[in-house]
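Summary of the model geometry
Listed below, chain by chain, are the residues.
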Amino acid sequence: MSALWTAAAAASATAGKTAADWAANGVSIDTRSLVAGDLFIALRGPHRDGHDFVAEAFARGAAAALVERDDLPENRRLLRVRDSFAALYALAAAARQRSGAKILALTGSVGKTGTKEALALALGACGPTSASRQSLNNHWGAPLSLARLPQKARFGVFELGMNHAGEIAPLSRLLRPHVALVTTVEAVHLGAFASIAAIAEAKAEIFAGLEAGGVAVLNRDNPHYERLKERAEQAGAGEVIAFGADPRAEVRLLDCVIAEKGSEVKASLAGMVLRYRLPLPGRHWVLNSLAALASALAAGADPQKAAAALSTLKAPPGRGRRIDLPWQGGTLGVIDESYNASPAAVRAALSVLALSAPARGGRRIAVLGDMLELGESAPSFHRELLGPLIAAGTDRVFLVGQAMEALYEVLPEEKRGGLWRGVEESIPPLLSYLRPGDIVMIKASHAVNAGRIVEKLSEGWQEPTT
């Protein structure tokens, strides 16, 4: 296997200097996840300085360390640069420059990471594919992901996120994608935007770096489709491919059967009718899969191979993964949606809860934490969850956070499980309430830390190996 970065290539890309002839197989900015053979990049953050962990990086097997501070102990495997953060961007730009891969960038109000995983899986069936790990989609995550792009990759898939205007455009210009996908535009980050239309404009920044004649992939069912299409064409897109249930979509949902264990999908794509299975429940996953297939088509992949690969798709942790846990002599079903939350995402998660059949004597239980960054409209957005909760057949609702008070006030008495300010307070009463056969769905904005509930429920449980 050829090295991802040699000392000479990394030094040339970053205008840095190193005394040793080393080779790195990966790039890391965190010693906790560093793999032996990685190039460790020491970044200065608001709370930690990566230079303080250089010794630990070498102890863990780092091939070299990129540093800007000149007070570190001498080591021939240091790559010394003027600015570590600028060097990370330079390394990413060099990776993009030398790559012959089709580059795909995606953003959207919801569904980014799940669609990215589906797209990486679909493209991986058609050739060597590199994709952003987890949710590395911000001003340091995106360049880090690009710096990890192998020279021999046929496809590169990169997720871009934002919570303010102006964040996506520079990342798009760094990536220079051949295909740019917007999954959807919804009411998120309204604390930083005057309207959902303004959010659409911010998402349209993904077209800023689109390669000349590149392809924009857009959700035909979304009210902001025409706005996004216009922005893509203004940016020089040579083609716009639409996906969705709308009859005008080029990648069109013809039919789907959505059940507790997954969905059977029939779609029209590139003049052919595809039938494929998704092992994940929920209409939102069906639409994510259409977005992935439309993007794979735009990148020149084989649509049939791409669709077939989706039969092994797994939900990322915290984004809809189903866990069946041993519980008091029986089984407890857990739908882990704890990573983040918005009005659209909570409605989608509740639709999955509705599909989930409790065992005999079991109940459907929702644990919901605050949906953050919704601005002045936050109370009404929280109250409006009542309808979806009732439609999902939810038996009891446990709420966490100050904003959830608005929902608690309108909940029928018989559905009130409790309201707590923080996650830790909610755990003991929730655990004491749950019984075998129950299905519990947990969802909240990331800062609420609802993943702690999943951790407590899962203590002592290990995921089965396949």
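Here goes a summary of the coordinates provided. Along each chain, residues carry numbers from 1 onward, in the same order as the chain's sequence is written. Per-residue local features of the predicted model are confined to residues with pLDDT of at least 70, and side-chain atom pairs are confined, for both listing and counting, to 80 or more; whole-chain, interface and lining totals are unaffected and use all residues. In computing side-chain properties, one takes all heavy atoms of the structure into account and sets aside hydrogens as well as water.

1. Regarding the packing of helix 3 (residues 84–98) against helix 6 (residues 168–175)
How we decide: Under this scheme, a helix contributes an axis fitted over its contacting stretch, all axes are lines through C-alpha atoms, and angles between N-to-C directions fall in the 0 to 180 degree range. To qualify as a helix, a DSSP run of H or I must reach at least 4 residues; to qualify as a strand, a run of E must reach at least 2; elements of each kind are numbered from the N terminus. Throughout this description, any angle smaller than 35 degrees is read as roughly parallel, any larger than 145 degrees as roughly antiparallel, any in the 65 to 115 degree range as roughly perpendicular, and the remainder as oblique. Contact between two residues is taken to exist if any of their heavy atoms lie within 4.5 Å; hydrogens are not considered. Basically, the charged four are Asp, Glu, Lys and Arg, the nonpolar ten are Ala, Val, Leu, Ile, Met, Phe, Trp, Tyr, Cys and Pro, and anything else, Gly included, counts as polar.
Here helix 3 crosses helix 6 at 45°, and the two axes come no closer than 9 Å. Relative to helix 6, the element helix 3 is oriented oblique. Within the contact between the two elements, helix 3 uses Tyr89, Ala92, Ala93 and Arg96 and helix 6 uses Leu171, Leu174 and Leu175. Its residues placed into classes, the contact of helix 3 with helix 6 shows six nonpolar, no polar and one charged.

2. A look at the pattern of salt bridges
Going by this rule: When a carboxyl oxygen of Asp or Glu lies within 4 Å of a side-chain nitrogen of Lys or Arg, that pair is called a salt bridge. Only protein chains enter the calculation, and the probe is 1.4 Å; a residue is then buried if its accessible area is under 20% of its type maximum, exposed if over 50%, and partly exposed in between.
Following the criterion strictly, the structure yields 27 salt bridges and no others. Between Lys443 and Glu337 there is a salt bridge whose closest N-O contact spans 3.0 Å. Residue Lys443 is located in strand 21 (residues 439–443), and its partner Glu337 is located in strand 17 (residues 330–337); the two are separated by 106 residues in the primary sequence. Residue Lys443 shares its accessibility class with Glu337, and that shared class is buried.

3. Brief notes about helix 1 (residues 7–14)
Note the threshold: This arc is built from the directions going out from the helix axis to the C-beta atoms.
Taken together, the buried positions of helix 1 are Ala7, Ala10, Ala11 and Thr14. Taken down its axis, helix 1 places every buried residue within 100° of arc, on the same side. What points out from helix 1, more than 90 degrees from its buried face, is the exposed set Ala8 and Ser12. For helix 1, the secondary structure elements touched by its buried residues are strand 1 (5–6), strand 5 (64–67), strand 6 (78–80) and helix 3. Ala15 sits one or two residues past helix 1 and shows a positive phi near 55°.

4. Comments concerning the sheet that holds strand 20 (residues 416–420)
Stated precisely, the cut-off is as follows: Any two strands are treated as partners once DSSP identifies two or more bridges connecting them.
If you walk across this open sheet you meet the six strands as 16-17-21-18-19-20, and the pairing is mixed. Of all strands in the sheet, those bounded by a partner on one side alone are strand 16 (321–327) and strand 20. Averaged over all adjacent pairs, the angle separating strand axes in this sheet is 15°, with direction ignored. Here helix 11 (residues 343–355) sits on the sheet and contacts strand 17, strand 18 (364–369) and strand 21; the angle it forms with strand 21, its principal contact strand, is near 170°. Against the sheet, helix 16 (residues 451–458) makes contact with strand 16, strand 17, strand 18 and strand 21, and its axis sits at roughly 40° relative to strand 16, the strand it touches most.

5. Thoughts on the nonpolar core
The test is simple: As used here, the term nonpolar core means buried Ala, Val, Leu, Ile, Met, Phe, Trp, Tyr and Cys residues forming a set that is joined through side-chain atoms within 4.5 Å.
Core analysis: the largest hydrophobic core is formed by 61 residues, its most contacted members being Leu160, Ile206, Phe207, Leu350, Leu368, Leu389 and Leu407. Sequence-distant contacts of Leu350, that is, excluding residues within four places in its chain, are made with Ala366, Pro388, Leu389, Ala392, Thr394 and Met441.

6. Observations concerning the sheet that holds strand 15 (residues 272–278)
One open sheet holds the nine strands; their spatial order is 8-9-7-10-11-12-13-14-15, and the pairing between them is mixed. Every interior strand has two partners, whereas the edge strands, strand 8 (129–131) and strand 15, have only one. Strand-to-strand twist in this sheet, taken as the mean axis angle between neighbours without regard to direction, amounts to 20°. Sheet topology note: the strand 7 (residues 102–107)/strand 9 (residues 155–159) ladder contains five bridges and is parallel. Note on strand 9: the bridge partner recorded for Ala105 is Phe158. Lying on the sheet, helix 8 (residues 225–234) is in contact with strand 10 (179–182), strand 11 (215–219) and strand 12 (239–244); it crosses strand 11 at an angle near 175°.

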